[in-house]
Each structure stands twice: as C-alpha cells, then as structure tokens.
Amino acid sequence: MPIVVQKYGGSSVADVEKIRKVAQRVKDKRDAGYQVVVVVSAMGDTTDELLALAKQVSPDPARRELDMLLTCGERISMALLSMALQEMQVPAISFTGSQSGIITNDAHAQARIVEVRPYRIHDELARGRVVIVAGYQGVSYKKEVTTLGRGGSDTTAVALAAALEAEACEIYSDVDGIFSADPRVVPDARKLESLNYDEMQELASAGAKVLNAQAVEWAKSRGIVILARTAHAQGSGTEVRELTAAQDTRVKGVTADVEMAVLCAGAQVRLPELLEFLDARGVRGRTLGHDALSGGSGHTYLLVPLADIHGEDALRKDLSTRFGDAVSWRGELGTVTCVGVGLNADWVPLRQSLAAAEELGARVHAVHTSPLQLTLLVDKPHLKALTARLHRELLGS
C-alpha cells in the first residue's frame, strides 16, 4: 500500500470539532487504500500562549527550556487526534518527534533535521495503524529535545515523506493552495496551480506564511512533491515541484514581511565581529548588505526575522553594550518582495517598483535583487499599499 504523509496546521486542529473533521479526512484517505502518516501542529494559538507564559517568567528564556515547554503543544494535538481516530474504529498511535526518529543538530529553538530513522513508524504502518507525529520537534544527537523554528511542522512532514518514500506530502491549511499575494491584502490575488521549489523558497523566506522555507529546501533536495491544500473543503490546491516548462509569467508572487528588524552597522564596526556576536546568540539573518566601495571598512545592514528571537529586549541591550551607537536597531522597517524566474533579466520590474513606491510616498531605504527576487525595504505603514500596487503593476491585476 502506498504511503501518504499529511500535515495539519494549528488552525485545522484548533478545537475538538476540527480534530474530529481531520480524523474523518484521515480515515477517508486510509479507506481509499493508503497507509497514512499524519503530522500535526499545536492547537490554535497554543504555541504563542506557551511562549507568552515563558516570558512572564523570563524576558529572555533559556532556549533549551523553551524547547521543553513548546513541544508540549504538539503532543496535545497528536494524542487527541489519535483518540479521535480510535473512536472511529481506526487503529492509530501517536509519536513525539524523538519517537519518530527525527534527529537534529543541537541548535535549540531553530534546529535543523540531519537524519530521519523512521523504524517505529514503519513497524506501526505494517500493523495497519495510522501514525500521528508531533510536528516542529526532534531530538539532537545529544539526546536533547529540540524544536525546528516557526513553521517547523512543514519540515517534519517533508522529511518524513522523504524517509518513508511516500507517494505524496500533503500540507493542509485554511486556504486552498498558494496565492500570488496574501488575499487579505490583495483581494485580486490568484491561486497558483504550481510553483517550482526555488520560487516557493524565496516567497517563504520573504514572509509568505503558507509553507516553511526549510521544508521547501528539504523537498527540493529529495525531490518530494508538496501539495498545499485546504483542510476545510475540496480543492485542487497548489503543487510545489521541479518545473521544466516555460514559466507563464516573470513574477509569480508578491509578499510583505513585517515581522523583522534591520540592524545597521557603521563603518567602524568590523563585520566579522558583528557576525560572531549574532552567531553566538543564534540570530539568523535573512539578507545582508555590505558597502565598502567608498573606502574604509564599509557600512552594513542586516535583515533579521523576529520569529525565532525570544528575547528581543535582551538582544538589543547586548547590542548596545557591545557596540554602542555604532549598531542601530531599526524596528520600523519591513520588506515587499517580488519573486519569479527571470525577474531581473532587465530593469523593467525594478523601475516599475521604484516608481510605484515613489507615487505612494514610500521611501525606499534599500533594494536587494537576485535572479529570483526583488526586495524593497520601506517603512512598515506602506507595506500593504505597496504590496497591492506591485501586484497590480507586475501581475496585471
């Protein structure tokens, strides 16, 4: 029997009634002749609630203890779904990330999967059971519980699909697939029938919240097709896979990112010293710009996602203590990013983007381009309007 891995996000298992609906969907898949492995996120806002609880105790919680706390959310979801399936007379068993054989490095709060040993999953599938796995977590080679960062349940699902040689990896959420922009910001956003791995990874890294960037990276390296679908109805969804056919448009999507800050370092700051400081605190950078063309050691700006920074106040204090006024924290800026193959084959999209920003009165503080990406750094109050405008200008709607 072929294996299918399904992943359900927090909103899909937010309450008991939704868990029962997920159980019915899983049962239907099993009845259709598949062996099913299900990856679940924590119910609703459970992770945010646990994180808020931790911050009442400590403004900068120890990453190890955070992992011990936050992994409780997914364990609740997996156990309840297993119970719901058993009530439907479907044999099921729930596993933590550790029990599932998900081995990670030892980077607490933002670990990366290095190996999957799904021996127990294979055993239970052979016994005819549905296996439910707690997403977002694993165990390090030091036998420590670790978490994979925000959206890490996607990575769990794709990694398991690869290890189990699954026929498909289905990612379920509130929306039927991936859209060219956030429909809440751009009502005319269109559903994309397919995306290649690189385009999806760029969108995810730039703030689109449909799929996790590390999950897409893993899928690309293993050739796993991801099917992004809605958990609440029937729909065609979106396929993320390797595409060889010609692209139908240079720009596939436009996304904004408000959950970020910008670190600006003056010419007197040595770049290796700043990067060493950030590495020691597990602070990842999304984009780095360094200008030394005018002489001296150069100026640096670094875009920092806030999702995995659980002690922002402590980090800012440490920055000030170490670098003084030479490094500033800019929390008022965000990005609008356009993604597509051949996007920057000429200057037309950039010219249109800069003109649109100027007409909206949005000051462009920096521009970053790559073969697949065009990003404008602007003040956060302009993000929604600029996203909608660029979608209209570059995608024709």
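Details of the structure are given in the entry above.
Presented here is a report on the structure given in the accompanying data block. Everything quoted here is computed from the prediction, not taken from an experiment. (Residues numbered from 1 in each chain as written. Predicted model: local features only at pLDDT ≥ 70, side-chain atom pairs only at ≥ 80, totals over all residues. Heavy atoms only, no water.)

### With respect to the overall build of the protein
(1) Moving on: A tally of helices and strands in the protein yields twelve helices and 22 strands.
(2) Moving on: Relative to its length of 397 residues, the protein is compact, with a C-alpha radius of gyration of 22 Å against a globular reference of 21 Å.
(3) Moving on: In the protein, which comprises 397 residues, the share counted as buried stands at 51%.
(4) Moving on: At a minimum sequence separation of 6, the contacts of the protein that also span at least 24 residues come to 75%.
(5) Moving on: Of the accessible surface of the protein, which amounts to about 17,800 Å², a share of 50% is contributed by carbon and sulfur atoms. (Helix = DSSP H or I, 4+ residues; strand = E, 2+ residues; numbered from the N terminus. Rg over C-alpha atoms; globule rule 2.2 N^0.38 Å. Buried < 20%, exposed > 50% of the residue type's maximum accessible area, 1.4 Å probe, protein only. Contact = heavy atoms within 4.5 Å. Areas by Shrake-Rupley, 256 points an atom, 1.4 Å probe, with all protein chains shown as cover.)

### So, the environment of Arg-75
(1) Moving on: Of note, Arg-75 is situated in helix H3 (residues 63–87).
(2) Moving on: As for Arg-75 and Gln-137, which are separated by 62 residues in sequence, their C-alpha atoms are 10.0 Å apart.
(3) Moving on: Sequence-distant contacts of Arg-75, defined by excluding residues within four places in its chain, comprise Thr-96, Ala-134 and Gln-137.

### Some words on unusual backbone geometry
For residues other than glycine, phi is negative in most cases, and the peptide bonds are mostly trans.
(1) Moving on: Although it is not a glycine, Ala-109 adopts a positive phi angle of roughly 75°.
(2) Moving on: Among the structural elements, Ala-109 can be located in the loop between strand S4 (102–104) and strand S5 (113–116).
(3) Moving on: In this structure, Lys-143 is a non-glycine residue whose phi angle is positive, near 70°.
(4) Moving on: Inspection of the secondary structure assignment puts Lys-143 in the loop between strand S7 (137–140) and strand S8 (145–147).
(5) Moving on: Judged by its relative accessible area of 71%, Lys-143 falls in the exposed class.

### Description of the sheet that holds strand S21 (residues 366–369)
(1) Moving on: As summarised here, the arrangement of the four strands in space is S15-S20-S22-S21, forming an open sheet in which the pairing is antiparallel. Only two strands of the sheet have a single neighbouring strand rather than two, namely strand S15 (253–257) and S21. Neighbour-to-neighbour, the strand axes of the sheet open up by a mean angle of 15°, direction not taken into account.
(2) Moving on: With four bridges connecting them, S21 and strand S22 (residues 373–379) associate as antiparallel partners. Within S22, the residue paired with Val-367 across the bridge is Leu-376.
(3) Moving on: Where helix H12 (residues 383–395) meets the sheet, it contacts S15, strand S20 (333–339) and S22, and its direction lies at approximately 15° from that of S20. (Pairing = 2+ DSSP bridges. Axes fitted to C-alpha atoms, helices over the stretch in contact; angles between N-to-C directions.)

### Side note on helix H6 (residues 152–163)
(1) Moving on: The terminal C-alpha atoms of H6 lie 17 Å apart, and with twelve residues this matches the ideal 16 Å at 1.5 Å per residue to within 8%.
(2) Moving on: Those residues of H6 that sit buried are Gly-152, Ser-153, Asp-154, Thr-155, Thr-156, Ala-157, Val-158, Ala-159, Leu-160, Ala-161 and Ala-162.
(3) Moving on: With its phi angle positive at about 55°, Glu-165 sits one or two positions after the end of H6. (Expected span 1.5 Å × (residues − 1).)

### Quick look at the sheet that holds S7
(1) Moving on: The strand order across the open sheet built from four strands is S5-S4-S7-S8, with neighbouring strands paired in mixed fashion. The two strands at the open ends of the sheet, each matched to only one other strand, are S5 and S8. Taking the axes of each pair of neighbouring strands and ignoring which way they run, one obtains an average angle of 45° across the sheet.
(2) Moving on: Both S7 and S8 contribute to a ladder of three bridges, which runs antiparallel. Each residue of the ladder has a partner; that of Val-139, found in S8, is Val-145.
(3) Moving on: Running at roughly 40° to S5, H6 makes contact with S4, S5 and S7 of the sheet.

Purely geometric numbers; function is a separate question.
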